[in-house]
Amino acid sequence: VRQQRRLQARLGESRPRRWHTAPLHRAASGAAFVEFRCARYVLRDGRFVRAEAALVGATLSSLVAGEAGLAEERRAALLSEVGPNRIAFDVDPLGVALRKEFFSYFYLYQFQLYVVWLWFSYVFVALALISVVLLAGLANVAIARTNQRKIAALTRSATRCRVRVRDEWLTVPSSDLVPGDVVQVRGGDWVLPADLLLLSGGAVVNESSLTGESMPVRKLPADLAGGAGSVVYTPRLHGKHTLCAGTTVLQATGGGGGGGGGGGPADGGVTALVTATGIDTGKGELIASILYPQPIKYKYDEELPVVVGLLISFALACFVAAVELMLHNGASNTFVSFFAYGLFTISQAPPP
């Protein structure tokens with residue numbers, strides 16, 4: 001195992017661990033981009049860089065200063081660059097799911113050796129094992145697609161939002177939200193489509209879908225008193241001012257003391273600034289951790305390549321010995337028979 005680690009370390013310095021091919025797309029502005037792990041990467045100066053889809057890291061005062069909203073041209077440019085406010089995850093079609101399951105090296109190895117068993121009239125055992133493998137593979141496909149449907153249901157959230165565009169309020173679909181938009185927050189079990197920084201008014205939010213907190217949480221507008229405006233904004237540090245995507249606004253109360261969730265700021269409404277959309281939201285990061293978890297190395301997994309390597313060496317020695325013995329025992333079989341017998345011998349070393 002130590003030798004294997006050294007070899008992997010040397011190979012890792014000269015070539016990447018994993019390859020991924022993604023289709024190239026063109027935005028409305030003509031910019032080229034790819035989507036990898038639900039995130040968008042834009043081509044700039046010959047390199048693909050992550051599209052800037054979040055305002056996390058700016059100072060609190062600079063964010064509050066954007067309460068007038070974005071100009072229409074700026075919104076269009078941002079939407080073209082960062083993409084729609086959605087998490088680009090889709091359920092695999094049945095054909096793709098079957099291909100991913102049955103076209104792996106593990107299955108191909110199994111089916112290849114079962115064909116050899118059938119050629120030797122080892123029919124009943126081969127058919128029984130093929131049936132087990134097919135049923136197990138189909139069960140894996142069914143379970144995987146069921147889980148994908150559940151995750152897809154979490155990613156899909158469509159609603160209508162009132163957005164402030166230079167002192168004018170427009171109604172747009174939530175998929176058109178971009179970082180920097182100023183939106184009106186409304187109550188009545190409204191599911192938030194993006195991460196927001198509360199600018200005016202207050203809100204009572206149910207965050208159980210993300211944090212598990214069963215009690216509603218009171219959110220307050222951003223406060224710049226006492227030098228707080230110079231502090232860099234992060235959702236964790238400013239949690240009492242942050243509305244997270246996927247949570248539910250139970251009640252929105254305007255700064256003027258109005259009721260839950262009507263009107264614009266002039267009549268006591270509640271406004272908030274979009275700080276993150278799509279996969280960059282707290283909800284998006286949670287879904288990304290489910291879809292693409294950090295790999296965990298177990299001792300079994302680390303030793304498995306060594307064991308497989310030893311078994312392959314042993315199987316090749318058995319293959320050579322079996323063919324050599326058949327060639328010198330006076331049998332008049334063809335080379336195909338010798339080769340099949342050798343494969344049959346291999347199948348007994350690492351059993352399929």
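Rules behind the numbers
Residues numbered from 1 in each chain as written. Predicted model: local features only at pLDDT ≥ 70, side-chain atom pairs only at ≥ 80, totals over all residues. Heavy atoms only, no water. Salt bridge = Lys/Arg side-chain N within 4 Å of Asp/Glu carboxyl O. Helix = DSSP H or I, 4+ residues; strand = E, 2+ residues; numbered from the N terminus. Buried < 20%, exposed > 50% of the residue type's maximum accessible area, 1.4 Å probe, protein only. Core = buried A, V, L, I, M, F, W, Y, C linked by side-chain atoms within 4.5 Å. Pairing = 2+ DSSP bridges. Arc of directions from axis to C-beta. Contact = heavy atoms within 4.5 Å. Phe/Tyr/Trp six-rings, centres within 6.5 Å; stacked < 30°, edge-to-face > 60°. Lys NZ or Arg CZ within 6 Å of the ring centre and 35° of its normal.

Chemist: Help me understand the pattern of salt bridges, please; the structure alone is not making it clear to me.
Modeler: Should their charged atoms come close, side chains of opposite charge can pair. For the coordinates displayed, the defined rule picks out five salt bridges. Between Arg44 and Glu81 there is a salt bridge, and its shortest N-O distance comes to 2.2 Å. On the criterion of sequence distance, the pair formed by Arg44 in strand S3 (residues 39–44) and Glu81 in helix H3 (residues 72–82) is long-range, its members being 37 residues apart. Assessed through its relative accessible area of 25%, Glu81 is described here as partly exposed. With a shortest N-O distance of 2.9 Å, Lys219 and Glu207 are connected by a salt bridge. Of this pair, Lys219 sits in strand S11 (residues 217–219) while Glu207 sits in the loop between strand S10 (202–206) and helix H7 (208–211), and the two are twelve residues apart along the sequence.

Chemist: Even after reading the chapter, I still don't get the nonpolar core, so can you show me in this structure?
Modeler: The tendency in soluble globular proteins is for nonpolar side chains to be buried side by side. Counting 20 residues, the largest nonpolar core has Val163, Leu177, Val185, Leu196, Leu243 and Val249 as its most contacted members. Of all the elements in the fold, those that place two or more residues in this core are strand S5 (160–165), strand S7 (182–185), strand S9 (195–200), S10, strand S13 (248–253) and strand S14 (270–276). Of all hydrophobic cores here, the second largest spans ten residues; its members include Ile151, Ala152, Ala288 and Leu291.

Chemist: How should I be thinking about the sheet that holds S3 in this particular structure?
Modeler: Hydrogen bonds between backbone groups are what pair the strands of a sheet, and the pairing can be parallel or antiparallel. Taken in spatial order, the four strands of this open sheet run S1-S2-S3-S4, and their pairing is antiparallel. Either end of the sheet is taken by a strand with one partner, and the two such strands are strand S1 (25–26) and strand S4 (47–50). Note: S1 against strand S2 (residues 32–36), two bridges, orientation antiparallel. Across the sheet, His25 pairs through a bridge with Phe33, a residue of S2.

Chemist: Quick question: what am I supposed to make of the sheet that holds strand S8 (residues 190–191) here?
Modeler: As summarised here, the arrangement of the four strands in space is S8-S13-S10-S11, forming an open sheet in which the pairing is antiparallel. What marks the edges here is a single partner per strand, and that holds for S8 and S11. Alignment of S10 against S11, held across three bridges, turns out to be antiparallel. Bridge pairing links Val205 to Val217 in S11.

Chemist: Got a minute to help me understand the pairing of S3 in this structure?
Modeler: For a regular strand, side-chain orientation follows a simple rule: the groups alternate between the two sheet faces. Two strands pair when backbone bridges link them, and S2 and S3 are joined in this way by four bridges, in the antiparallel orientation. Directly across from Phe33, in S3, lies its bridge partner Val42. In this antiparallel pair of consecutive strands, S2 and S3, the connection spans two residues, and Arg37 shows a positive phi of 50 degrees. As paired elements, S3 and S4 share four bridges and run antiparallel to each other.

Chemist: Would you explain helix H4 (residues 94–102) in this entry?
Modeler: Residues separated by three or four positions in an α-helix point in the same direction, a consequence of the helix having 3.6 residues per turn. Taken as a whole, H4 has its buried residues at Ala97, Glu101 and Phe102. On an axial view of H4, the arc spanned by its buried residues comes to 110 degrees, and they lie on one face. Looking at the buried side of H4, the elements it contacts are helix H5 (105–119) and helix H6 (123–155).

Chemist: For this particular structure, what's the right way to read the environment of Phe111?
Modeler: You can see Phe111 is positioned in helix H5. Looking at Phe111, the relative accessible area reads 21%, which means it is partly exposed. Phe111 sits 91 residues away from Gly202 along the chain, and the two C-alpha atoms are 63 Å apart. In this view, Phe111 contacts Phe102, Ile130, Val133 and Leu134; residues no more than four positions away in its chain are not counted.

Chemist: Sorry, what's going on with the packing of aromatic side chains here?
Modeler: The way to describe two aromatic rings as a pair is by their centre distance and the angle between their planes. One pass over the structure, following the stated rule, counts eleven aromatic pairs. On the basis of an interplanar angle of 70 degrees and a centroid distance of 6.3 Å, the ring pair of Phe120 and Tyr341 is categorised as edge-to-face. With Phe120 in the loop between H5 and H6 and Tyr341 in helix H10 (residues 335–348), this residue pair connects regions lying 221 residues apart in the sequence. Accessibility expressed as a relative area gives 32% for Phe120, which makes it partly exposed. On the basis of an interplanar angle of 80 degrees and a centroid distance of 5.7 Å, the ring pair of Phe319 and Phe339 is categorised as edge-to-face. Of this pair, Phe319 sits in helix H9 (residues 299–327) while Phe339 sits in helix H10; the two residues are 20 residues apart in sequence, bridging distant segments of the chain. When its relative accessible area of 19% is taken as the criterion, Phe319 is described as buried. For Phe339, a relative accessible area of 39% puts it in the partly exposed group. Here the aromatic cluster, defined as three or more aromatic residues joined through ring pairs, consists of Tyr114, Trp117, Trp119, Phe120, Tyr122, Tyr341 and Phe344. If you follow Arg40 out to its NZ or CZ, it ends over the ring of Phe33, 3.6 Å from the centre.

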